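Per-entry structural report
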Amino acid sequence: MTIKSAVTLLAGGQARRMGGGDKNLMELAGKPVLQHVLDRVDYDGRPLVINANGDPSRFAAFGLPVRADVIDGFAGPLAGVLTGLEWVAANHPECTHMISLATDAPFLPNDLIARLEAGLGARIDTGVEIAQAMSFTRRHPVFAIWPVALTAALRYALIDDGLRKIDDFTDRHQCITIEFTGEPDPFMNLNRPDDFDLAQQFV
């Protein structure tokens, strides 16, 4: 099958380790971390949506639609994935898949989307449903490609089964990893003030 993806930018975290607020709006080398993500990732005209709770106007400068979690209670990135999938299903029925990206990782690979799509596409006929990024033997479950066809199953898992961890959901489905490398680690995320100091050295 031909894969056609939309992209969900997961920006709904509460950033407790950073003292609260939106770490993706903090400036790194003169621009918000979220802008670094948009400048690097090869979304190439694909539909984009920001998943964020709270006042959506704080993302107005990016000119993208913003959607809050479709389930209450800050249920974590899995709720953001569901939000993105339901947005894609409702607004872009031409899309077969959705790619989820965290927005606190300013060094993402330039070919991230292309390689996730290609990696899944090469295995989709064998029953593989989801592909996740991996670097240096570590999986990064929020950087993944998901079939829109799993939307109902994910909603059931979140609401009826109470699942909150991405791994608990992907364990129910065939999921592969796509290996990436780079210096710094392309999936280095900015969780603490020290991470910003380190990132500054690489920008």
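What you are looking at is a predicted structure, and each value in this text was computed from that prediction instead of being measured.

With that out of the way, let us pick up the packing of aromatic side chains. Taken as a whole and judged by the stated rule, the model has three aromatic pairs. Here Phe 143 and Phe 187 contribute two aromatic rings whose centre-to-centre distance is 5.0 Å and whose plane-to-plane angle is 55°, an arrangement assigned as tilted. One end of the pair, Phe 143, is in strand E8 (residues 138-147); the other, Phe 187, is in the loop between strand E9 (175-180) and helix H6 (193-202), with 44 residues separating them in the sequence. Judged by its relative accessible area of 4%, Phe 143 falls in the buried class.

Turning our attention to the nonpolar core. Side chains of a nonpolar character, in soluble globular proteins, are inclined to be buried together. Among the nonpolar cores identified, the biggest contains 59 residues, and Leu 9, Ile 50, Phe 143 and Trp 146 are the most heavily contacted of them. No other element matches helix H2 (residues 77-91), which puts seven residues into this core. Apart from residues no more than four positions distant in its own chain, Phe 143 is found in contact with Ser 100, Leu 101, Ala 102, Ala 105, Leu 108, Leu 112, Leu 116, Ala 131, Gln 132, Ala 133 and Phe 187. With seven residues, the next largest nonpolar core counts Leu 28, Phe 107, Leu 190 and Phe 196 among its residues.

Next up on the list: the side chain of Asn 24. When you line up the elements, Asn 24 lands in the loop between strand E1 (5-10) and strand E2 (27-28). A distance of 2.9 Å separates polar atoms of two side chains, one belonging to Asn 24 and the other to Thr 103. Apart from residues no more than four positions distant in its own chain, Asn 24 is found in contact with Ala 11, Pro 32, Val 33, Leu 34, Phe 59 and Thr 103.

The next point concerns the side chain of His 97. Counting through the fold element by element, His 97 comes out in strand E6 (residues 97-102). Relative accessible area serves as the criterion here: at 2%, His 97 is assigned to the buried category. Setting aside residues no more than four positions away along its own chain, His 97 makes contact with Met 1, Ile 3, Lys 4, Ser 5, Ala 6, Leu 120, Ile 124, Ile 145, Trp 146, Pro 147 and Val 148.

On average, the protein scores 93 in pLDDT, and the residues at 70 or more come to 96%. With pLDDT under 50 throughout, residues 15-19 is counted as low confidence; its partners more than four residues away or in other chains account for 13 contacts.

A word on unusual backbone geometry. With omega at 0°, the peptide bond leading from Glu 183 into Pro 184 counts as cis. As for its placement among the helices and strands, Pro 184 is situated in the loop between E9 and H6. The backbone of Phe 136 shows a phi angle near 50°, a positive value even though the residue is not glycine. As for its position among the elements, Phe 136 is in the loop between strand E7 (130-135) and E8. Residue Phe 136 is classed as partly exposed on the basis of its relative accessible area of 45%.

Right, let's get into the sheet that holds strand E4 (residues 48-51). The strand order across the open sheet built from seven strands is E5-E4-E1-E6-E8-E7-E9, with neighbouring strands paired in mixed fashion. The open sheet has two edge strands with one neighbour each: strand E5 (66-67) and E9. Relative to E5, E4 runs parallel, the two sharing two bridges. Looking across to E5, one finds that Ile 50 is bridged to Val 66. Across the sheet, helix H1 (residues 33-40) lies against E1, E4 and E6, angled at about 160° from E1, the strand it touches most.

Attention shifts here to the environment of Thr 177. As for its position among the elements, Thr 177 is in strand E9. Using a relative accessible area of 32% as the deciding quantity, one classes Thr 177 as partly exposed. Expressed as a C-alpha distance, the spacing of Thr 177 and Phe 107, which sit 70 residues apart in the sequence, is 19 Å. Discounting residues that sit within four places of it in the chain, Thr 177 has contacts with Gln 132, Met 134 and Arg 139.

Conventions and cut-offs
Here the residue numbers are simple positions, counted from 1 along each chain's written sequence. Local features in this predicted model are restricted to residues whose pLDDT is 70 or higher, and side-chain atom pairs enter the listing and the counts only when it is 80 or higher, whereas totals over whole chains, interfaces and linings include all residues. In computing side-chain properties, one takes all heavy atoms of the structure into account and sets aside hydrogens as well as water. A pair of aromatic rings is counted whenever rings of Phe, Tyr or Trp (Trp by its six-membered ring) have centres within 6.5 Å, and the orientation is called stacked for planes under 30 degrees apart, edge-to-face for over 60 and tilted otherwise. Numbering of helices and strands starts at the N terminus; helices are DSSP runs of H or I of at least 4 residues and strands are runs of E of at least 2. Partly exposed describes any residue whose relative accessible area lies between the buried limit of under 20% and the exposed limit of over 50%, with all areas from a 1.4 Å probe on protein chains only and scaled to the type maximum. Note on terminology: a nonpolar core comprises buried Ala, Val, Leu, Ile, Met, Phe, Trp, Tyr and Cys residues joined through side-chain atoms within 4.5 Å. Residues count as neighbours in contact if any of their non-hydrogen atoms are within 4.5 Å of one another. Any pair of nitrogen or oxygen atoms within 3.5 Å is treated as a polar contact; in protein, a donor-acceptor pairing is required on top of that, and neighbouring residues in sequence qualify only through side-chain atoms on both sides. By definition, pLDDT measures how confident the predictor is in each residue, and it falls between 0 and 100. Criterion used throughout: strands pair if DSSP finds at least two bridges between them. To get an axis, a line is fitted to the C-alpha atoms, and for a helix only the part in contact is used. The angle between two axes follows their N-to-C directions and goes from 0 to 180 degrees.

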